[in-house]
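Spelled out from the first residue to the last, the chains are:
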Amino acid sequence: MLLAHLSAPISFLLSGAWLPFLGPLLVWVFYKDRSQAVRTASAGAFNFNVSMTIASWALWLSVILTLGIGFLWALPLWLVLFVVQIWAHVKGAMMASRGEVFEYPFQIRILS
């Protein structure tokens with residue numbers, strides 16, 4: 001269960017912040033049948049990271065469409081997204097280490 005939460009920051013770093021949902025997706029694909037807790041944690045981490053990725057891509061789109069002026073609001077919002085992601089994954093990992101299940105905020109429910 002801990003791997004489901006920590007796989008997102010790892011894939012975030014390895015992909016240059018473009019594919020943070022890949023780690024939780026791989027955990028879900030390979031370990032979802034081991035326990036309901038692993039399934040819930042990996043699906044939640046995947047759904048949360050898809051939501052954060054869509055928000056980040058939308059900010060990039062706003063930067064492109066405004067010919068760079070969008071950086072004025074995109075940079076602070078990317079910082080907020082980054083802090084929320086770190087907070088959620090750290091909290092999820094801490095709860096998983098105690099055997100508790102963390103419910104991620106801001107999820108677009110894709111996996112369950």
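Okay, so let's go over this structure. (Residues numbered from 1 in each chain as written. Predicted model: local features only at pLDDT ≥ 70, side-chain atom pairs only at ≥ 80, totals over all residues. Heavy atoms only, no water.)

## Examining the packing of helix α1 (residues 2-14) against helix α4 (residues 71-97)
- Two elements in contact, α1 and α4, have axes whose closest approach is 8 Å; the angle formed by their N-to-C orientations is 150°. Judged by the inter-axis angle, α1 sits roughly antiparallel to α4. Like other packed secondary-structure pairs, α1 and α4 cross with a definite hand, here left-handed. Contacts between α1 and α4 involve Leu2, His5, Leu6, Ala8, Pro9 and Phe12 from the first element and Phe82, Gln85, His89, Gly92, Ala93 and Ala96 from the second.
- A class-by-class count of the residues in the contact of α1 with α4 yields 8 nonpolar, 4 polar and no charged. (Axes fitted to C-alpha atoms, helices over the stretch in contact; angles between N-to-C directions. Helix = DSSP H or I, 4+ residues; strand = E, 2+ residues; numbered from the N terminus. Parallel < 35°, antiparallel > 145°, perpendicular 65-115°, else oblique. Left-handed = near helix turned anticlockwise from the far one by under 90°. Contact = heavy atoms within 4.5 Å. Nonpolar A, V, L, I, M, F, W, Y, C, P; charged D, E, K, R; others polar.)

## Section: the pattern of salt bridges
- A complete count under the given rule lists 3 salt bridges for this structure.
- Taking the shortest distance from any N to any O, the salt bridge between Arg109 and Glu103 comes out at 2.6 Å.
- Looking at Arg109, the relative accessible area reads 58%, which means it is exposed. (Salt bridge = Lys/Arg side-chain N within 4 Å of Asp/Glu carboxyl O. Buried < 20%, exposed > 50% of the residue type's maximum accessible area, 1.4 Å probe, protein only.)

## Focus on the packing of α1 against helix α3 (residues 36-65)
- α3 packs onto α1 with a crossing angle of 25° between their chain directions and a minimal axis gap of 8 Å. Relative to α3, the element α1 is oriented roughly parallel. As for how α1 packs across α3, the hand of that crossing is right-handed. In contact with Ala4, His5 and Ala8 of α1, α3 contributes Ala41, Ser42, Ala45 and Asn49.

## A closer look at unusual backbone geometry
- Notably, Ala17 is not glycine yet its phi reads approximately 75°, a positive angle.
- The partly exposed category is assigned to Ala17, whose relative accessible area is 33%.
- Positive phi, close to 55°, is recorded for Leu67, a residue that is not glycine.
- Within the secondary structure, Leu67 is located in the loop between α3 and α4.

## Quick word on the packing of aromatic side chains
- On inspection of all chains with the given rule, the structure shows 10 aromatic pairs.
- Ring geometry for Trp18 versus Trp60: centroids 6.3 Å apart, planes at 25°, classification stacked. With Trp18 in the loop between α1 and α2 (22-31) and Trp60 in helix α3, this pair connects stretches of sequence that are 42 residues apart.
- Trp18 gets classed as partly exposed once you look at its relative accessible area, which sits at 41%. (Phe/Tyr/Trp six-rings, centres within 6.5 Å; stacked < 30°, edge-to-face > 60°.)

## A look at the nonpolar core
- Listed in full, the 12 residues of the largest apolar core are Ala45, Phe48, Met52, Leu59, Val63, Ala74, Trp78, Leu81, Ala88, Met95, Phe102 and Tyr104.
- Elements represented by at least two residues in this core include exactly α3 and α4.
- Trp28, Phe46, Val50 and Leu111 belong to the second largest nonpolar core, which has 6 residues in total. (Core = buried A, V, L, I, M, F, W, Y, C linked by side-chain atoms within 4.5 Å.)

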